[in-house]
Amino acid sequence: MSAKLDLRVLGPILALVALIVVGALLNSNFLSAGNITNVLSRSAFIGIIAVGMTFVITSGGLDLSVGSMAAFIAGLMILVMNGLLPTLGPGVALVLVGMLAALLAGTIAGFVNGFLITTMRIEAFIVTLGTMGIYRSLVTWLADGGTLSLDFGMRTVIRPIYYDGILGISWPIIVFALVATLGEVIMRRAAFGRHAAAVGSNDQVARYSSVNVNRVRMLTYVFLGILVGVATIMYVPRLGSASSSTGVLWELEAIAAVIIGGTMLKGGFGRVWGTVIGVLILSLIDNILNLTDGVSPYLNGAIQGVIIILAVILQRERKADG
Amino acid sequence: MKLTLKQVDRSFGAVQVLYGIDIVLAPGEVHALIGENGAGKSTTMKIMSGYLAPTAGQVLLNDRAVTFADSQAAEAAGVVLIHQEFNLAEQLTVEQNIFLGHEMKRGLFLDKRAMRDKASALLKRLDCNVSPTATVRDISNPDKQMVEIAKALSRDARVLIMDEPTAVLTAREAESLFTQVDRLRESGVAILFTSHKLDEVKRISDRMTILRDGWVVGQHPAEDMTEDAMATAMVGRDVSSLYPVRTRAVGHDKVLTVRNLTVPGYADGIDLDLHDGEILGLAGLIGAGRTETMEGLVGLRAATGSVNGKAPFPNPRAALDAGIAYLTEDRKERGLLLSKGMRENLTLQSLSDFTGLLIDETAEDAALTRAIADFDIRAPHRAVTVGNLSGGNQQKLLLAKTMLAQPKIVIIDEPTRGIDIGTKQQIYEFIHALAAEGKSIIVISSEMQEVIGLSDRVLVMREGRIAGELSGDTITEDRIIRLATGLDGRKDAA
Amino acid sequence: MKHLALAALVAATALPAMAQDVKVIGVSIPAATHGWAGGMNFHAQQAVERLEEVYPQLDFVLATASDPSKQVNDIEDMLATRNISALVVLPFESEPLTGPVKAVADSGAWVTVVDRGLAQDGIEDLYVAGDNPGFGRVSGEYMVSKMPDGGKIVALRGIPTTIDNERVDGFQSAIEGSGIEIVDMEHGNWNRDDSFTVMQDFLSKHPQLDAVWASDDDMAIGVLAAIEAAGRDDIQFVLGGAGMKEMIKRTADGDQMIPANVTYPPSMIATAIEMTAVGLTSTAPVAGTFTIGSVLVTQDNALDFYYPDSPF
């Protein structure tokens, strides 16, 4: 393989390693177990969503609604648990019901996006821009403009989902790793991943090759919706609340992570492991800036922007290969 | 203005497509250029209008040698080509289209009044009633043709080249076009046009040039030529060695019965039978509805009628499950994923055969090895992206991909389009070998020789209907052309 | 004359049945994008509902905007189509709103500006102001009283705006010379998730801290969660602000981590609407500037500031 090809594959990894080196040099606590756990855990929400987003983008789609969707599902999950608290009492059963509600809501939300895009043939950008506004409004309305808070009695029961884990690894990290591994296997080795790439590469070819294009597209949105539900299940236990400011700009962070990871925005090629690296890069930038003095916090966004663009430039050699 | 091609050659890479072409387009004369698909008509027209440069020879305007840098330079010199597919911006108005790229201005601003006046005058000159402010999307095909001509005239075209102007027009619409052509002829414009409809050629042209395989094989005044004489002149060469010798017999079992298949807008009441081991040719002019009929049959388009006694397939997957596969004519846009490797492309249509829970990549690799051997696919290395393969090898891969799904019936649309002669021969052998295995094959081809060389039986389509069926000794180019152009069997189309 | 025509028009379009001279008060506020704004929206709606009953001769138009340009559109629409006699506006940002609000003032309508001043003086008839430097100062003074021997603290700031700058400046001047050192300061954007993340990183960076100035109750919630998760017991307390009901409750209940709060009441919008209504319907003088001070809330007086029905 040529050096060009290597750079294309290694680009995101190099960027990640560079960030880790910089972080370690700037602050001795950077590599501490505590900090690593913090960064990985907080990456989990965007990360889990970004894995789903990888499939949507690979098949030539886009979903702008995931941030609002997460806020809405979080609100819904809290309302369901608060509402059933008197009947079920604070316990594992109620947590499971909340989880089920989140997964169900995610599935339905993904299905709605997919239906409008495939069956109704409306541009994905427009559909998800619409649902983005709808979910954001709905959560504001549910919260009456304020914040939806999980009943205090419930918080101690649900808290371990974010903060505890096994063998010192917290649950969000474990779930993120599982979702990422599953996503990577599906993308590379399952017919669904192959079909998603074929549809994104050229949907006519896919159609003429007897692939059910609409079904593949629909499934990518449903899969993403379910993963938004999973991310929400991890999110709610952290602060036990949801408001209209929950999940703001998550969609753009997820899309940025996918692209940094080497998936093509116009579809046809996706890699889940790249997305995971993209998510870690984005989280690390924030983390390093917080751990460092001397950079004006006003410039955080600029530094993030530069690193995103650099990471993508690093893998531009794709064109030369064909 | 007089336009002359003098001893023009043209090659694409190693393939020469034009040999020493001499044509004179005189002012006030309508010149017809006729020949089979692939005879070199389009290339000739593109050289005349600056889209292509000749490899050798000269283009002369009023006897002075000229070199057009591009089509704009040709237009500036008064030579305009009107494409077969309209080159109009559908969302803009008629007058906006007429002046697109050549807008009249007063100072910094568009001079709308002057453009409106000139557009009206041009349309009036063409006796065309369409409003200058109508949106092009909303006007009829002949009106669009008129707008194209008005657009050409607005650029002071003195030489007008029309590529199959009547292909999309009905007989009545074509007649009104010819009235305008007569008018232009009287005003001293030199006109060249191509058509497969030989009656039109007879009707409108003053002179004609007949092309075959890139050579001029005849130039005659129109009055000297009958339609039969034209057809005979267009045909006639011996390529029998290109096609394998038939060594097998067609079976007697019907494997496909299609009745009254209708694809709205393209095909009407198609009946068709296919036997095991048979190669059925589907001939006709471009636009006769052959591709659309077959796409309707396999569920790629909405269709009505019956296929083997049932409703047409709802989607290609259902057709494939019933053992019918369609191999597209457009291998780059519909056949292959050009940015992917050979393995992904090969197994795309039959991925479920390679998938339990996960895809068995070892089995895929084995399938690729087999396909490379069976279909003689020549790739620089196994990981090559398919877009980097030659057209011939792409076509072989597409054939391998389709056959991997193990269909009993294969519909192959233009099996050798844009492929060199050596690979053509290989593909013909593959097709024969498949038939010998007992597969049934439908070949759609616009090349007469191919249809004749391959088929046991030929159906000829014209304007969305079956114009006739030929078999055995009756399969001749002459008969096919007559059916395809409507010389014979005209009552079918009426 | 003009007034009569206006009243007639309003009567004809809005309330055809009423022959009375009905005046319209327009209320334009930012949408509920964070907790405090949510509370402010709640109080605005409450005030409008209550005042419409009290004053039958008044009609209210309430519009919430998600960005400054939307707010400009809202105000232009109110002026053009509803013929408002008065405008109560909480500007999203000072600069872009100054022109449109001035146009309202020039039309002869009464203008009440709330919380954020306009970029140009003298446009408004009434200015109901929150006291941002005072908010910072009261917070700083409490810190000093709580840590007479000094100590190390970290601070979380809001969304980068003038308001945030004024608060931080007030805070810094109040703790000057007290021995309290702000070892780190970052923007938490008045957002729970952001402040959680920032605080986690602060905890990694600084092994020993004495207190946190979260400067806002939403941010205080994120900060508390981060501290709890890290299991750190060096931090003695967290000082939020703005008087969110849950936090006030914890102060009232004697929670040692949240010993105090500093008000910046979202209900100031209700004050402004009410004063405007009084101004329009009576001869009582209400013009001028009305500053709503920031008050220190401790366990002793917490119940006076506890509104269980408010969303904030």
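Residues numbered from 1 in each chain as written. Chains lettered and ligands numbered in written order. Predicted model: local features only at pLDDT ≥ 70, side-chain atom pairs only at ≥ 80, totals over all residues. Heavy atoms only, no water.

## Section: the overall build of chain C
So the rule is basically this: Secondary structure elements follow DSSP: runs of H or I of four or more residues count as helices, runs of E of two or more count as strands, with numbering from the N terminus. In this description the radius of gyration comes from C-alpha coordinates, and the expected globular size is given by 2.2 Å times residues to the power 0.38. Every residue pair with non-hydrogen atoms within 4.5 Å of one another is taken to be in contact. Only the protein chains shown count as cover for residues, and the accessible areas themselves come from Shrake-Rupley with a 1.4 Å probe. The convention is simple: Lys and Arg are positive, Asp and Glu are negative, and His and the chain ends are not counted. One atom stands in for each charge, and that atom is NZ of Lys, CZ of Arg, CG of Asp or CD of Glu.
The secondary structure content of chain C amounts to 10 helices and 12 strands. For 312 residues, the compact-globule formula gives about 20 Å, and the C-alpha radius of gyration of chain C, at 22 Å, lands near that figure. Dimensions along the principal axes, computed over C-alpha positions, put chain C at roughly 70 × 35 × 30 Å. A separation threshold of at least 6 residues defines the contact pool for chain C, and within that pool the share at least 24 residues apart is 73%. For chain C, the accessible area works out to roughly 12,400 Å², and carbon and sulfur atoms hold 52% of it. Taking the average place of the 18 positive charges on the side chains of chain C and the average place of its 43 negative ones, the gap between the two points comes to 1 Å.

## Focus: the arrangement of the chains
The chain pair with the greatest number of contacts, out of two pairs of chains in contact, is formed by chains A and C. The two units chain B and chain C remain apart, with a minimum C-alpha distance of 32 Å.

## Examining the interface of chain A and chain B
As a reminder, the rule being used: Summed over both partners, the accessible area lost on bringing two parts together, with a 1.4 Å probe, is the buried area. Here, a salt bridge means any Lys or Arg side-chain nitrogen found within 4 Å of an Asp or Glu carboxyl oxygen.
In this assembly, 21 residues from chain A lie in contact with 30 residues from chain B. Summed over both partners, the interface of chain A with chain B buries about 2,200 Å², with 53% contributed by carbon and sulfur atoms. Ranking the residues of chain A by area buried against chain B places Arg189(A), Arg194(A) and Tyr208(A) at the top, with a combined share of 36%. Summed over the shared surface of chain A and chain B, the result is two salt bridges. For Glu361(B), the salt bridge is made with Arg189(A), and the minimal N-O distance between the two is 3.7 Å. Sorting the residues of the side of chain A that touches chain B by element identifies helix H8 (171-189), helix H9 (191-201) and helix H10 (203-208) of chain A as the ones contributing at least two each.

## Quick notes on the pairing of strand E10 (residues 190-194) of chain B
Residues and elements named next belong to chain B. Just so we agree on the cut-off: Under the scheme applied here, a residue whose accessible area is under 20% of the maximum for its type counts as buried, over 50% as exposed, and between as partly exposed, the area being computed with a 1.4 Å probe on protein chains only. At least two DSSP bridges between two strands are needed for those strands to be called paired.
Extensive coverage of E10 is indicated by the burial of five of its five residues. In terms of strand pairing, strand E3 (residues 30-35) meets E10 through four bridges, oriented parallel. Note on E10: the bridge partner recorded for Ala 32 is Phe 193.

## Observations regarding the interface of chain C and chain A
Interface size is commonly expressed as the accessible surface area that is lost when the partners come together. Keep this limit in mind: Residues adjacent in sequence count toward polar contacts only when both atoms are side-chain atoms; beyond that, a polar contact is any pair of N or O atoms within 3.5 Å, and within protein one must be able to donate a hydrogen and the other to accept it. Each residue receives one of three labels: charged for Asp, Glu, Lys and Arg, nonpolar for Ala, Val, Leu, Ile, Met, Phe, Trp, Tyr, Cys and Pro, and polar for the others, Gly being one of them.
Between chain C and chain A, the contact holds 29 residues from the first and 31 residues from the second. Between chain C and chain A, a total of about 2,500 Å² is buried, with carbon and sulfur atoms accounting for 42% of that surface. Linking chain C with chain A are three salt bridges. Glu228(C) is the salt-bridge partner of Arg159(A), the closest N and O atoms lying 3.5 Å from each other. At the surface where chain C touches chain A, the tally comes to 13 residue pairs in polar contact (both at pLDDT 80 or more). Breaking the side of chain C that touches chain A down by element, the ones donating at least two residues are strand E7 (180-187), helix H7 (192-205) and helix H8 (217-230) of chain C. Of all the elements, H7(C) adds the most residues to the side of chain C that touches chain A, at 10 residues. The residue makeup of the side of chain C that touches chain A, split by class, is nine nonpolar, 10 polar and 10 charged.

## Considerations on the packing of aromatic side chains
Under the convention used in this document: Geometry of aromatic contacts follows a simple scheme: Phe, Tyr and Trp rings, the Trp one being its six-membered ring, pair when their centres are within 6.5 Å, and the pair is stacked under 30 degrees between planes, edge-to-face over 60, tilted otherwise. Consider the ring centre and the ring normal. A charge sits over the ring if Lys NZ or Arg CZ is within 6 Å of that centre and within 35 degrees of that normal.
Following the criterion strictly, the structure yields 18 aromatic pairs over all chains and no others. Relative to Phe192(A), the ring of Phe55(A) has its centre 5.8 Å away and its plane inclined at 10 degrees; by these criteria the two rings are stacked. Highlighted residues: Phe55(A) in helix H2 (residues 33-58) and Phe192(A) in helix H9, separated in sequence by 137 residues. Of the two residues, Phe55(A) and Phe192(A), both sit in the buried class. Between Tyr142(C) and Phe237(C), the ring centres sit 6.2 Å apart and the planes meet at 85 degrees, which makes this aromatic pair edge-to-face. Note that Tyr142(C) is positioned in helix H5 (residues 132-146) and Phe237(C) in strand E9 (residues 237-239), a separation of 95 residues in sequence. As far as burial versus exposure is concerned, Tyr142(C) and Phe237(C) are alike and both buried. The residue whose ring lies beneath Arg159(A) is Tyr163(A), and the NZ or CZ to ring-centre distance is 4.0 Å. Residue placement shows Arg301(B) over the ring face of Tyr266(B); its charged tip is 4.9 Å from the ring centre.

## Some points on the pattern of salt bridges
Residues and elements named next belong to chain B. Evaluated as defined, the whole model comprises 41 salt bridges over all chains. Notably, a salt bridge pairs Asp 63 with Lys 2, separated by 3.4 Å at the nearest N-O pair. One end of the pair, Asp 63, is in the loop between strand E4 (56-61) and strand E5 (64-66); the other, Lys 2, is in the segment before strand E1 (3-12), and 61 residues separate them in sequence. Owing to a relative accessible area of 53%, Asp 63 belongs among the exposed residues under this scheme. Taking relative accessible area as the criterion, Lys 2 reaches 27% and is therefore assigned partly exposed. With its nearest N and O atoms 3.6 Å apart, the salt bridge here joins Asp 138 to Arg 137.

## Re the domain arrangement of chain C
Residue and element names in this part refer to chain C. Put simply, the rule reads: In this document the domain limits rely on a domain assignment from an automatic tool or a database.
By the assigned domains, chain C splits into domain 1 (2-130 + 266-293) and domain 2 (132-262). Taking the mean C-alpha position of each, domain 1 and domain 2 sit 34 Å from one another. Across the contact, seven residues belong to domain 1 and five residues belong to domain 2. Together domain 1 and domain 2 conceal approximately 460 Å² of surface at their shared face, both sides included; 55% is due to carbon and sulfur atoms. Where domain 1 touches domain 2, the interface holds zero salt bridges. Taken together, the links from domain 1 to domain 2 amount to zero residue pairs in polar contact (both at pLDDT 80 or more).

## Considering a nonpolar patch on the surface
Residues and elements named next belong to chain A. What counts here: Residues qualify for a patch when their relative accessible area is over 30% and they have no salt bridge, like charges being joined within 9 Å and the nonpolar side chains of Val, Leu, Ile, Met, Phe, Trp and Tyr within 5 Å.
On the surface, a cluster of nonpolar side chains totalling about 890 Å² of accessible area is made up of Leu 104, Ile 108, Phe 111, Val 112, Phe 115, Met 120, Ile 122, Phe 125, Ile 126 and Leu 129. Looking at the nonpolar patch, the elements with two or more residues in it are helix H4 (92-118) and helix H5 (124-142). When residues of the nonpolar patch are assigned to their parent elements, the largest contribution, five residues, is made by H4. Summarising the element assignment, Leu 104 is placed in helix H4.

## Notes on the sheet that holds strand E16 (residues 304-307) of chain B
Residues and elements named next belong to chain B. Rule in force here: Here, axes are lines fitted to C-alpha atoms. For helices the fit covers the stretch in contact, and angles between N-to-C directions go from 0 to 180 degrees.
The sheet built from three strands is open, its strands ordered E14-E13-E16 with antiparallel pairing. Every interior strand has two partners, whereas the edge strands, strand E14 (267-275) and E16, have only one. Taken pair by pair, the neighbouring strands of this sheet meet at an average axis angle of 5 degrees, ignoring direction. Note that strand E13 (residues 254-263) and E16 share three bridges and pair antiparallel. In the strand pairing of E16, Val 258 is matched with Val 307.

## Topic: the side chain of Ser71(B)
Residues and elements named next belong to chain B. With respect to the helices and strands, Ser 71 occurs in helix H2 (residues 71-76). Taking relative accessible area as the criterion, Ser 71 reaches 14% and is therefore assigned buried. Setting aside anything within four residues of it in sequence, one finds Ser 71 in contact with Ser 49, Gly 50 and Tyr 51.

## Describing the UniProt feature "domain: Periplasmic binding protein" (unreviewed entry) in chain C
The condition is simple: UniProt positions are given in the numbering used here, feature names are shortened, and annotations may be inferred rather than shown by experiment.
Per the UniProt record, "domain: Periplasmic binding protein" (unreviewed entry) is found at residues 25-276 of chain C. Taken end to end, residues 25-276 of chain C comprises 48% helix and 21% strand; its first and last C-alpha atoms sit 8 Å apart.

## Observations concerning H5(A)
All names here are of chain A. What counts is decided by this rule: Multiplying one less than the number of residues by 1.5 Å gives the expected span of a helix. The arc in question is traced by the directions running from the helix axis to the C-beta atoms.
For H5, with 19 residues, the first-to-last C-alpha span of 26 Å sits near the 27 Å given by 1.5 Å per residue. Where H5 is concerned, the buried positions are Ala 124, Val 127, Thr 128, Thr 131, Tyr 135, Arg 136 and Val 139. Buried residues in H5, looked at end-on, bunch into an arc of 160 degrees, giving them a common side. On its buried face, H5 sits against helix H3 (66-88), H4, helix H11 (213-239) and strand E4 (241-243). Phi turns positive one or two residues past the end of H5, at Asp 144, with a value near 60 degrees.

## Regarding helix H9 (residues 290-297) of chain B
Residues and elements named next belong to chain B. In terms of burial, H9 is a largely internal element, eight of the eight residues being buried. Buried residues of H9: Arg 290, Thr 291, Glu 292, Thr 293, Met 294, Glu 295, Gly 296 and Leu 297, and no others. At the C-terminal side of H9, Gly 299 shows a positive phi close to 90 degrees.

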